[in-house]
Amino acid sequence: MPGVPDPLSEEQRIIVEFGEAATRLRQDLSEVPESVRPFTALIDSIINFGTCELRMRRADRLQALGERDVEAAWLVESALAHHERGLQALPAVRLRHWARLACSDDDCQRM
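In this report, the structure presented in the accompanying data block is examined. The structure displayed is predicted, hence computed values, not measured ones.

This part takes up the packing of helix H2 (residues 36-65) against helix H3 (residues 69-89). For the pair H2 and H3, interaxial distance at closest approach is 8 Å and the crossing angle is 160°. Of the possible angle classes, the one that applies to H2 and H3 is roughly antiparallel. In the crossing of H2 with H3, the sense of the turn from one axis to the other is left-handed.

What follows covers the layout of surface pockets. In this model, the largest pocket occupies a volume close to 230 Å³. Taken together, Glu 11, Ile 14, Ile 15, Phe 18, Ile 46, Ile 47, Gly 50, Thr 51, Glu 53, Leu 54 and Arg 57 make up the lining of the largest pocket. With seven residues, H2 is the single largest residue contributor to the lining of the largest pocket. Of the residues in the lining of the largest pocket, the class split is six nonpolar, two polar and three charged.

A cluster of nonpolar side chains, contributed by Phe 18, Ile 46 and Ile 47, occupies part of the molecular surface with about 230 Å² of accessible area. Mapped onto the elements of the fold, Phe 18 is located in helix H1 (residues 10-29). Here Phe 18 falls in the partly exposed class, since its relative accessible area comes to 31%.

Two side chains carrying opposite charge are able to pair once their charged atoms lie near each other. Applying the stated criterion across every chain, the model contains four salt bridges. Within this structure, Arg 58, Arg 68 and Glu 71 form a network of salt bridges that share partners.

In a regular helix each residue adds 1.5 Å, so 30 residues correspond to 44 Å; H2 covers 44 Å between its end C-alpha atoms and thus fits that length. Within H2, burial applies to Pro 38, Phe 39, Ala 41, Ile 43, Ser 45, Asn 48, Thr 51, Cys 52, Ala 59 and Leu 62.

Definitions and limits used
- Residues numbered from 1 in each chain as written.
- Predicted model: local features only at pLDDT ≥ 70, side-chain atom pairs only at ≥ 80, totals over all residues.
- Heavy atoms only, no water.
- Axes fitted to C-alpha atoms, helices over the stretch in contact; angles between N-to-C directions.
- Helix = DSSP H or I, 4+ residues; strand = E, 2+ residues; numbered from the N terminus.
- Parallel < 35°, antiparallel > 145°, perpendicular 65-115°, else oblique.
- Left-handed = near helix turned anticlockwise from the far one by under 90°.
- 1 Å grid on protein atoms, 1.4 Å probe; cavity = no way out; pocket = protein on both sides within 12 Å on 5 of 7 lines; lining within 4 Å.
- Points joined across faces, edges and corners; volume = space filled by probe spheres on them.
- Nonpolar A, V, L, I, M, F, W, Y, C, P; charged D, E, K, R; others polar.
- Patch = residues over 30% accessible without salt bridge, like charges linked within 9 Å, V, L, I, M, F, W, Y side chains within 5 Å.
- Areas by Shrake-Rupley, 256 points an atom, 1.4 Å probe, with all protein chains shown as cover.
- Salt bridge = Lys/Arg side-chain N within 4 Å of Asp/Glu carboxyl O.
- Buried < 20%, exposed > 50% of the residue type's maximum accessible area, 1.4 Å probe, protein only.
- Expected span 1.5 Å × (residues − 1).

Geometric descriptors of this kind do not, in isolation, establish any biological role.
Structure (structure tokens):
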């Protein structure tokens, strides 16, 4: 609604928009069932790595200002946990699967 401030931060709004776009893409992929799991793993990786980055940046800002050491330590710990979850999701992404979906029949025979 024009003139009404958005209650979400810019980062929160971007995360919501990304989630909505991923949901629409996942629905389109339902026609190719073997794509759903790798796509979900890809989205999980992106979300976890993105969350890691945002939390590390916030921790860096707090540490640079010398403020809220307890919050900064929690942010670093949380960021590292998200990084690990992102890494754990990667094996299911199966990049060769996506390459086969995108290639022509002739190209696919060479894979």
